[in-house]
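Observations on the three-dimensional arrangement
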Amino acid sequence: MKFRSTNRKCDEVRLCDAVLQGLAPDGGLYVPVSIPTLPPHFFTRMRSMKFPETAVEVMLPFVGNEIPEPELARILLDALTIPVPLVTLSPRLHVLELFHGPTLAFKDFGARTMARLLSYFAGKRGGEFTVLVATSGDTGSAVAQGFLGVPGVRVTILYPAGRVSAAQEKQFTTLGKNITALEVAGAFDDCQRLLKQAFADAELTERIRLTTGNSINIARLLPQMFYYFSGVAKLKDRGTPVAVSVPSGNFGNLTAGVMAKHLGLPVAQFIAATNVNDVVPEYLRSGSFRPRPSQPTLSSAMDVGNPSNFARLTDLYQNDLSAMRREIWGCTATDDETLQAMKSVHERFGYLTDPHTAVGILAFERFLKQRNAPSQGIVLGTAHPGKFRDAVARATGVSIPLPEPLAAPLALPKQSIALPNTFEALKQFLLG
Ligand SMILES: *Cc1c(COP(=O)(O)O)cnc(C)c1O
């Protein structure tokens, strides 16, 4: 399979180059040149397949002969040792819990797979790679954990000072080894901008081999298709159309879902569920895309004012807004509505959710109300409630213990480097 840039101003490349480069040389994002439909027998077999087996079959068309199949199977088996339970709250409402990996959020799937793919491809090239990541909270820890101790790879994390929770910060500032965290005096969008500037800087890219760990990198996005298959395969009701509600910020997860649908997965509807940083729902309503600075909310991992995967999403729909509107319904939730949803979900189903997942549940329930046709919903459970204990306690009065993977790093000293919000500072650091 070849990959091309969303800007269409550079050559098509193989998966290996797309993964090692991260961002395309013309500043665009890599997308597959085409997405084939998987054979019908795959969809019948998928109900009885194990998660890593499904992953191999979904991944194969994109890998082609670049990685021998047994090696690919080994990589995916090693990366995907994470349970993916589908929890039924009511006959029409299911939560696909994607938060049972080492950092208790869905990004573990993409990050762990990307780390292994990158290490495989980099190993073939030789030399040291620098993985640059901008994070609004969860990406940093997932990517750092995914790469921790991987030889030949140095990870540099950019995060906005004072804008991530203490527990999140400790997860990626206490690891040491090949992981360095830079605390940027700015917002997440500044971190993302600095990262893009680094890739656009000829001197920098000549002197060090840079790639990105953000969902800009296609190696993080492809694995996010896997669990959509797993979720649909686990539904008992095979007749009612499926709507998947995706709590969204940078829109990597939703883009992966749309790609899964292109592969033939029967999803009737996607729901783009956001907090008040709702540039995509607004685009779906008004037809104009107006990025703006992000606002802090309770669902902080979705505080993105200029979602990087928007370019991929419009590319997948060939810039056809009405086609996108048929498949994606946008929904915005305020913090008050989010807290209300967390409370109501707990009261009705005895289920605790983090604020991100709650935004997804709320969006699905709104969707059901405004459609007359029957629908069953899979809401992507993007983070463990224990990651957002304060919000859970505020909404429900329930105090949950801090999960062990979060508790352990809290006792360790934070090791981060303060960075002014300028590209020069970042460049000096990377070259130094
Ligand atoms: C990253 C993240 C999101 C947003 O995912 P995108 O792919 O950026 O849209 C939602 N919820 C949680 C908990 C996250 O960590």
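Anything mentioned here points back to the structure above.
Notes on the structure follow. (Residues numbered from 1 in each chain as written. Predicted model: local features only at pLDDT ≥ 70, side-chain atom pairs only at ≥ 80, totals over all residues. Heavy atoms only, no water.)

Further remarks concern the overall build of the chain. A count of helices and strands for the chain gives 20 helices and 14 strands. Along the first, second and third principal axes, the C-alpha atoms of the chain reach 60 × 50 × 40 Å. By the burial criterion, 61% of the 432 residues in the chain qualify as buried. Long-range contacts, defined as pairs at least 24 residues apart, comprise 74% of the intrachain contacts of the chain with a sequence gap of at least 6. For the chain, the accessible area works out to roughly 16100 Å², and carbon and sulfur atoms hold 52% of it. A distance of 3 Å separates the average location of the 44 positive side-chain charges in the chain from that of its 37 negative side-chain charges. (Helix = DSSP H or I, 4+ residues; strand = E, 2+ residues; numbered from the N terminus. Buried < 20%, exposed > 50% of the residue type's maximum accessible area, 1.4 Å probe, protein only. Contact = heavy atoms within 4.5 Å. Areas by Shrake-Rupley, 256 points an atom, 1.4 Å probe, with all protein chains shown as cover. Lys, Arg positive; Asp, Glu negative; His and termini not counted. Charge placed at Lys NZ, Arg CZ, Asp CG, Glu CD.)

It is worth spelling out the packing of helix H3 (residues 51-63) against helix H4 (residues 69-79) at this point. Interaxial distance between H3 and H4 falls to 10 Å at its minimum, and their mutual angle equals 130°. One way to sum up the angle between H3 and H4 is to call them oblique. Crossing of H3 over H4 shows right-handed handedness. On H4, the residues that touch Pro52, Ala55, Val56, Met59, Leu60 and Val63 of H3 are Glu69, Leu72, Ala73, Leu76 and Leu77. (Axes fitted to C-alpha atoms, helices over the stretch in contact; angles between N-to-C directions. Parallel < 35°, antiparallel > 145°, perpendicular 65-115°, else oblique. Left-handed = near helix turned anticlockwise from the far one by under 90°.)

Every regular strand shows the same layout, with side chains that alternate between the two sheet faces. Note that strand E4 (residues 86-90) and strand E5 (residues 93-97) share four bridges and pair antiparallel. The partner of Ser90 across the bridge, within E5, is Leu93. (Pairing = 2+ DSSP bridges.)

A side chain with one charge can pair with a side chain of the opposite charge if their charged atoms come near. Counted under the stated rule, the structure contains 18 salt bridges. Residue Arg116 is joined to Asp78 by a salt bridge in which the shortest nitrogen-to-oxygen separation is 2.7 Å. Placement of Arg116 in helix H5 (residues 107-125) and of Asp78 in helix H4 is noted, with a sequence separation of 38 residues between them. Classification of Asp78 as partly exposed rests on a relative accessible area of 38%. As a salt-bridge pair, Glu203 and Arg207 come within 3.2 Å of each other at their nearest N and O atoms. Of the two residues, Glu203 and Arg207 are both situated in helix H9 (residues 202-207); the distance of four residues between them amounts to about one turn of the helix. Its relative accessible area of 38% is what places Glu203 among the partly exposed residues. Overlapping salt bridges, with partners in common, bring together Asp278, Glu282, Arg285, Arg290 and Arg292 in one network. (Salt bridge = Lys/Arg side-chain N within 4 Å of Asp/Glu carboxyl O.)

As a further point, take the site of the ligand. Among the 15 residues in the neighbourhood of the ligand, the closest are listed as Lys107, Asp138, Gly249, Asn250 and Phe251. A distance of 2.4 Å separates an oxygen atom of the ligand from a polar side-chain atom of Lys107. Asn250 places a main-chain nitrogen or oxygen 2.8 Å from an oxygen atom of the ligand. (Near = heavy atom within 4 Å. Polar contact = N/O pair within 3.5 Å; in protein donor to acceptor, adjacent residues only side chain to side chain.)

This part takes up the environment of Thr44. As for its placement among the helices and strands, Thr44 is situated in helix H2 (residues 40-45). Note on Thr44: relative accessible area 61%, which makes it exposed. For Thr44 and Asp78, which are 34 residues apart along the polypeptide, the C-alpha to C-alpha distance reads 25 Å.

Evaluation of the coordinates by the stated rule reveals 14 aromatic pairs. Between the aromatic rings of Tyr227 and Tyr228, the centroid separation amounts to 5.8 Å while the plane-to-plane angle is 25°, which identifies the pairing as stacked. Taken as a pair, Tyr227 and Tyr228 share a single burial class, namely buried. Taken together, the aromatic side chains of Phe51, Phe109, Tyr227, Tyr228 and Phe270 make up a single cluster linked through ring pairs. (Phe/Tyr/Trp six-rings, centres within 6.5 Å; stacked < 30°, edge-to-face > 60°.)

Taken together, the five strands give an open sheet; going across it, the order is E9-E6-E7-E8-E14, and neighbouring strands pair in parallel fashion. Only two strands of the sheet have a single neighbouring strand rather than two, namely strand E9 (210-212) and strand E14 (416-419). Here the strands of the sheet are splayed against their neighbours by 30° on average, with no regard to which way each runs. As judged from the three bridges shared by strand E6 (residues 129-134) and E9, these two strands associate in the parallel manner. In the sheet register, Leu132 faces E9, and the bridge partner there is Thr212. Packed onto the sheet, helix H20 (residues 423-431) meets E6, strand E7 (153-160), strand E8 (179-184) and E14 and runs at close to 160° relative to E7.

What follows concerns the environment of Leu431. Here Leu431 is to be found in helix H20. For Leu431, a relative accessible area of 26% puts it in the partly exposed group. For the pair Leu431 and Glu203, spaced 228 residues apart in sequence, the C-alpha to C-alpha distance is 9.8 Å.

The next subject is the side chain of Thr297. By the secondary structure assignment, Thr297 is in the loop between helix H13 (279-286) and helix H14 (310-316). Side-chain polar atoms of Thr297 contact the side chain of Asn275, separated by 2.8 Å. Excluding its chain neighbours within four sequence positions, the residues that come into contact with Thr297 are Asn275, Val276, Asn277, Asp303 and Asp335.

Taking 1.5 Å as the rise per residue, helix H16 (residues 335-349) with 15 residues should run 21 Å; its terminal C-alpha atoms sit 21 Å apart, in good agreement. Buried within H16 are the following residues: Thr338, Leu339, Ala341, Met342, Ser344 and Val345. Check the buried side of H16 and you find it contacts E4, helix H17 (355-370) and helix H18 (389-396). Following H16 by one or two positions, Gly350 has its phi on the positive side, about 65°. (Expected span 1.5 Å × (residues − 1).)

Remember, this is a structural readout, not a statement about activity or role.
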